[in-house]
Amino acid sequence: MTISRDDTPLLKLPKRAPETHKGDYGRALLVGGSQAMGGAIALAGMAALRGGAGLVRLATPASCHTIVASFNPCYMVAPLSADEKGALATEAREELAELAADATCVGCGPGLSTSAGVQQVVSWLYTHFTGAAVFDADALNVLARQRGALSLPGGPRILTPHPGEFRRLLGAEGDYDEAAREQVAAEFAANHRAIVLLKGHRTLVTDGERVSLNTTGNPGMATGGTGDVLTGLLVALLCQGLAPYDAARLGAHWHGLAGDLAAAELGEASLTARDLIDYLPAAIRRDDK
């Protein structure tokens, strides 16, 4: 399999016309959270807002929806059925189907856990939602166990694993040599008809034919929650019309640039995921100049 290195300029969002309204910038649906991990989906929701999505709705277990709602008044929160441990219950699948019918794009995974109900929700979303969607964190761990669903995407998909999650997705072939990272990621993307955004130093984006390496970011971003921010940002870019490959490249760039701007003022050791959201506007404005 032959792949090419993509060094072309990043495709940017178009300028907003004066007469537009919130409906023109997409309806984002972010699915995640559990009783102990409400902050993850809240970070994703706040990043989707900062990334420019017109409307942002978070679908989260009823066990934590009031906590999630308290983080930011600008997104909506839909409580879904929860099991006895506070994770999504099996019944949540039908509830989520109604919400997904009104969504432009979906992000799934931050803080979900891997309960039986979560597994049903993730596999249904992956195989039945026809719009563009981002799968991260526990959603990837579920898909690693449900290889049949992984091979049947219902629409355009961006997968955003860190190296450990990617090895789980690869299954028996997960013990690859780091020198083969680009080739292995490209082959996986081609075989599963997905965009792979493999996080790490020089985050990699591939559609199976092209490979692009991101040059922004720093070690201060190696802290909990930064991947949740990336998920929300990617969904926002998809909502505004960017193709999945272009959204993945631009999202990785802005995410890392926000981290670089934050680290320049706060230092790498003090950097938190919330800081990335606060510095996203500056990163976006810098690229608009």
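Above this text you will find the structure in question.
Residues numbered from 1 in each chain as written. Predicted model: local features only at pLDDT ≥ 70, side-chain atom pairs only at ≥ 80, totals over all residues. Heavy atoms only, no water.

Caption draft 1: Representation of helix H5 (residues 138-145) within the structure. Taken across its 8 residues, H5 has 7 buried, putting it largely inside the fold. Residues of H5 that are buried: Asp138, Ala139, Leu140, Asn141, Val142, Leu143 and Ala144. Looking at the buried side of H5, the elements it contacts are strand S5 (105-108), helix H4 (116-128), strand S6 (132-135), helix H6 (147-150), strand S7 (157-159) and helix H7 (163-170). (Buried < 20%, exposed > 50% of the residue type's maximum accessible area, 1.4 Å probe, protein only. Helix = DSSP H or I, 4+ residues; strand = E, 2+ residues; numbered from the N terminus. Contact = heavy atoms within 4.5 Å.)

Caption draft 2: Inspection of the pattern of salt bridges at higher detail. Inspection of every chain in the model, using the stated rule, returns 7 salt bridges. Between aspartate 6 and arginine 249 there is a salt bridge, and its shortest N-O distance comes to 3.6 Å. With aspartate 6 in the loop between strand S1 (4-5) and strand S2 (27-31) and arginine 249 in helix H10 (residues 244-266), this residue pair connects regions lying 243 residues apart in the sequence. With respect to burial, aspartate 6 and arginine 249 carry one shared label: buried. Between aspartate 207 and arginine 210 there is a salt bridge; the shortest N-O distance is 2.6 Å. (Salt bridge = Lys/Arg side-chain N within 4 Å of Asp/Glu carboxyl O.)

Caption draft 3: Seen up close, the pairing of strand S4 (residues 76-80). Two elements, strand S3 (residues 55-61) and S4, share 5 bridges in a ladder whose sense is parallel. The partner of threonine 60 across the bridge, within S4, is proline 79. Handedness of the S3-helix H2 (residues 65-71)-S4 crossover: right-handed. (Pairing = 2+ DSSP bridges. Right-handed = clockwise from strand over helix to strand, strands pointing away.)

Caption draft 4: How the structure looks around the packing of aromatic side chains. All chains considered together, the criterion is met by 3 aromatic pairs. Aromatic side chains phenylalanine 166 and tyrosine 176 sit 5.8 Å apart centroid to centroid with 70 degrees between the ring planes, which places their arrangement in the edge-to-face category. With phenylalanine 166 in helix H7 and tyrosine 176 in the loop between H7 and helix H8 (181-192), this residue pair connects regions lying 10 residues apart in the sequence. Residue phenylalanine 166 shares its accessibility class with tyrosine 176, and that shared class is buried. Here a set of aromatic residues connected by ring pairs shows up, and it is made of Phe166, Tyr176 and Phe188. We note arginine 16 situated over the ring of tyrosine 25; from NZ or CZ to the ring centre the distance is 3.6 Å. (Phe/Tyr/Trp six-rings, centres within 6.5 Å; stacked < 30°, edge-to-face > 60°. Lys NZ or Arg CZ within 6 Å of the ring centre and 35° of its normal.)

Caption draft 5: Structural context of the sheet that holds S1. Within the open sheet, the 10 strands sit side by side as S1-S10-S9-S8-S7-S6-S5-S2-S3-S4. Their pairing is mixed. Each edge of the sheet is formed by a strand with only one pairing partner; in this case those strands are S1 and S4. The pairing of S6 with S7 spans 3 bridges and is parallel. Paired with valine 134 across the two strands is isoleucine 158, which belongs to S7. Seen against the sheet, helix H3 (residues 92-100) touches S2, S3 and S4 and runs at an angle of roughly 150 degrees to S4. (Axes fitted to C-alpha atoms, helices over the stretch in contact; angles between N-to-C directions.)

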